Amino acid sequence: MGLSPSVVRAVIANSPTAKNLPELRGPYTLDHVGRLTGGTSMSFDRGAAGSERWFPLMVRPRWKRRLIVLVKAAVALLVLWGVGRHVLRTWHDLRQHEMAIEPRPIYIVLSGLVYLAGLSCCAFFYEDILKASPTPIPALSAYRAYLVSHLGKYVPGKAMVVVMRAGMSAAHGARAATAAIATFYETLVMMAVGGLIAALGFALGGPSPSMTVTLPALGRLELPFYHLAGLFALGLGLAFLVVVLPPCFRRLLLMVSLPLPGVGPEALPRFSAGLLGRGLRRGGESWLFLGLSQILVVRGLVPAGRFEFLSVLPVVIASVALATVAGFVVAVLPGGLGVREGVLMVALGPVFGQDLAVVAALALRLVWVAAELLAAAVLSGPWFRPRAADPSEASSGPA
């Protein structure tokens, strides 16, 4: 947007903080994040309550620029180390199970693509949250930040996901604090839907197989596995759902974030019933894709005649959802490593048999990691990097 010097002076004159400003010589333009460029380098920041601040844009010292490059390189190496360690361990576990399989690569590839479709549903919800914030960013930028940052979950502690996503979103105009809040909200909504979907899937799974447990006081008991898994998933889903209800989540954020600089009420997205509804819908679509991805992995390992895949789809979706939510709850392990595979093997055992369930769970992990790596490689290339608005291309105002 082109601005003449007279317009700029008029705006600054009406600003309550316009004191001791340098002489302005134009013409000027406002770029896509509200920076005033041309002539004297100035920045215009409008707060949530309508306050304005003008201040010169400072050029980072060379040592700070080099430090930022080193930090980014360290983050990239840490993520690659986590992913490589994860793949090697999974591959080692998979080789321990000698099972006659008939691999069909086309179904493995389709499984990876379907998984990315499931992640895309969550990425669109992440964009929806940022749209409801004071600092929305372009759809492609939000999509890229979401998918690339997924590799950070393989670093122990899972905090790297937040660091990567907030950093990539902030580069396109979002507040880092807002992007971090959006990341937490999207994840918690996804976990809430996962628990509820798992409970529904186990309820629709037909007759429940028995699970034998031995208790000190009660001795040997035969318990319905699907019923227990469904009740456990329902409890997790309802717990997460209470947290993401707009009044509860907003109050929780204000309690946690207000003492931190730059994370006050003005950084919060506008949480509403409509936003939560979109998240629940997109989460349901995502879990459907993720369960279908597991079905395609099994289809790529065994002949089609062995199973009626559509008939077992509810249980498979429920198993994938419950395993992922359980892996998220145990946050100290990278990507739910061990927990997710263990729950998935147990849940899929009655459907596919124990041997195939083990191989299918490990193969699914490898397919998902490969799909995430491929998506990150494509979205990190210069051909897919959204171009920021160029002030020189803006139309000039009157002289």
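Residues numbered from 1 in each chain as written. Predicted model: local features only at pLDDT ≥ 70, side-chain atom pairs only at ≥ 80, totals over all residues. Heavy atoms only, no water.

Draft legend 1. Representation of the state of the cysteines. In the structure shown here, the tally under the stated rule is zero disulfides. Cys122 provides the cysteine sulfur closest to Cys121, a residue in no disulfide bond, and the two sulfurs are 6.6 Å apart. For Cys121, a relative accessible area of 6% corresponds to the buried category. (Disulfide = S-S within 2.5 Å. Buried < 20%, exposed > 50% of the residue type's maximum accessible area, 1.4 Å probe, protein only.)

Draft legend 2. Geometry of the pattern of salt bridges. One pass over the structure, following the stated rule, counts six salt bridges. A salt bridge links Asp128 to Arg278; the shortest N-O distance between them is 3.9 Å. Of this pair, Asp128 sits in helix α3 (residues 105-131) while Arg278 sits in helix α9 (residues 273-299); the two residues are 150 residues apart in sequence, bridging distant segments of the chain. Judged by its relative accessible area of 9%, Asp128 is buried. Of the residues examined, Arg278 reaches a relative accessible area of 34% and is grouped as partly exposed. Measuring nitrogen to oxygen at the nearest pair gives 2.9 Å for the salt bridge that ties Lys153 to Glu372. Separated by 219 residues along the polypeptide, Lys153 in the loop between α4 (139-149) and α5 (159-170) and Glu372 in helix α12 (residues 354-379) bring together distant segments of the chain. (Salt bridge = Lys/Arg side-chain N within 4 Å of Asp/Glu carboxyl O. Helix = DSSP H or I, 4+ residues; strand = E, 2+ residues; numbered from the N terminus.)

Draft legend 3. Examining the packing of aromatic side chains more closely. Per the stated rule, a full pass over the model turns up eleven aromatic pairs. Ring centres of Phe202 and Phe225 lie 6.5 Å apart, and the angle between their planes is 80 degrees; on these two criteria the pair is classed as edge-to-face. With a gap of 23 residues between them, Phe202 in helix α6 (residues 176-203) and Phe225 in helix α7 (residues 225-244) connect regions that are remote in the sequence. The exposure class assigned to Phe202 is buried, which follows from its relative accessible area of 2%. Members of the aromatic cluster, connected to one another through ring pairs, are Phe125, Tyr185, Phe249 and Phe271. Above the plane of the ring of Tyr126 lies Arg165, whose end atom (NZ or CZ) is 5.5 Å from the centre. (Phe/Tyr/Trp six-rings, centres within 6.5 Å; stacked < 30°, edge-to-face > 60°. Lys NZ or Arg CZ within 6 Å of the ring centre and 35° of its normal.)

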